[in-house]
Amino acid sequence: MAYSLEVISVYLCVFLAVAFFTLFERKALASYHLRKGPNKVGFGGFPQPLADALKLFTKELPVPHAGLSWLFYACPGLALLVMLLLWWMYPVSYGISESFMGVLFFLCVSSLNAYVLMFAGWSSNSKYAGLGSIRAFAQTISYEVSMSLILLFMVVLHGSFSLALIQKSGGMFWYGLIWWPITLSWLISCLAETNRTPFDFVEAESELVSGYNVEYGGGGFAALFIAEYGNIIFISFFTISIFFGSYSSNSYFLSQVSLLLKTMLVCYWFIWVRASFPRLRYDLLMELMWKSVLPGCLMSWMGLVLYGLI
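Residues numbered from 1 in each chain as written. Predicted model: local features only at pLDDT ≥ 70, side-chain atom pairs only at ≥ 80, totals over all residues. Heavy atoms only, no water.

Remarks on the layout of surface pockets
In plain terms, the rule: In this analysis a 1.4 Å probe is tested at points of a 1 Å grid over the protein atoms alone, and where it fits but cannot get out there is a cavity; an open set with protein on both sides within 12 Å along at least five of seven lines is a pocket; lining residues have an atom within 4 Å of a point. Grid points are joined across faces, edges and corners, and a volume is the space filled by probe spheres set on the points. Elements are defined by DSSP. Helices are runs of H or I of four residues or more, strands are runs of E of two residues or more, and each kind is numbered from the N terminus. Polar here means any residue outside two lists: the nonpolar Ala, Val, Leu, Ile, Met, Phe, Trp, Tyr, Cys and Pro, and the charged Asp, Glu, Lys and Arg; Gly therefore counts as polar.
If you add up the space inside the largest pocket, you get close to 860 Å³. Taken together, 34 residues make up the lining of the largest pocket; nearest its centre are Thr-22, Glu-25, Phe-221, Phe-225 and Tyr-229. For the lining of the largest pocket, the secondary-structure elements that each account for two or more residues are helix H1 (2-32), helix H2 (48-57) and helix H11 (219-243). Element by element, the count of residues in the lining of the largest pocket is highest for H1, at eight residues. Looking at the lining of the largest pocket, its residues break down into 18 nonpolar, five polar and eleven charged. Here the second largest pocket is characterised by a volume of approximately 570 Å³. Lining the second largest pocket are 21 residues, and of these Ala-17, Ile-233, Leu-260, Thr-263 and Met-264 sit closest to its centre. Contributions of two or more residues to the lining of the second largest pocket are made by H1, H11 and helix H12 (252-276). No other element matches the nine residues that H1 contributes to the lining of the second largest pocket. Split by residue class, the lining of the second largest pocket holds 17 nonpolar, three polar and one charged.

Structure representation (structure tokens):
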């Protein structure tokens, strides 16, 4: 019972974090562009995410006449389910983070996002959505190769698949700074996996209107939006756990505060990249993966072999 309450509280905090992360992003982007951002709803625009949620969930969800309606309805729920399964790894008592296979759990669940995006675009029966889903599938599968190699590389360094043990082993020794090329490759892969600028080809407004979710409106669009931003926040948390451990043997409270602050820094990095870099060409995205990131990961594995770590 206590574990169920902890998990429910984590999920509620995730939904609130997603809501106000969108406000934080809009305010930060407005600051970069020398404008004010949301400031009309309530004091300083603070209740703006709540107003947006109320507006979206009370609107009608249109269904394409020639689309596959049951799959079209199911995809937003599947996207939310995958996101919540990932957050099951958050360190609570007796959670999946204590499992000895936490990293493998992340790889298995995160790979399902590609199918959700593909089904959402295909069930819409729209050329724009179909092109977006094809792009998403190719992009996600490509960068999953580098993410898997990097995660296994860090597992070798930490000596465990357990997320809790990795956090403890990295609390006083940040591998992310020592193996900074691997960290850089991981961050690039995270941008591609979460479809963020400059790799946001799945939702390229100038080409695909809105990409795979172009036919969604109301609650369906809101669910896909929540799942996308929930994944971004989780990737930020996971990055800190793997590369910049936040475990303190003195206090559980200090560990959680450190984890929160570092996660917020990585979230801000996502926003900073969005405000700073233009969208690449799709062929450059694939070349970056297969000609730069992947060879760099393989060279790092060769370094482990030469140092005798494996």
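So, the UniProt feature "transmembrane region" (unreviewed entry) in the protein
Put simply, the test is: UniProt positions are given in the numbering used here, feature names are shortened, and annotations may be inferred rather than shown by experiment.
As annotated by UniProt and renumbered to match this structure, "transmembrane region" (unreviewed entry) occupies residues 7-24, 70-90, 102-123, 143-166, 173-192, 221-245, 252-272 and 292-309. The span residues 102-123 carries 95% helix and 0% strand; its end-to-end C-alpha distance comes to 32 Å. The straight-line gap between the two end C-alpha atoms of residues 143-166 is 23 Å; of that span, 83% is helix and 0% is strand.

Remarks on empty space enclosed by the protein
Summed over all chains, the structure comprises two cavities of 30 Å³ or more. In this structure, the largest cavity occupies an estimated 240 Å³ of space. Residue assignment for the lining of the largest cavity shows that the elements contributing at least two residues are helix H3 (69-87), helix H4 (102-110), helix H5 (112-124), helix H6 (127-158) and H11. At five residues, the largest contribution of residues to the lining of the largest cavity is made by H11. Here the residues of the lining of the largest cavity are counted per class, giving ten nonpolar, six polar and two charged.

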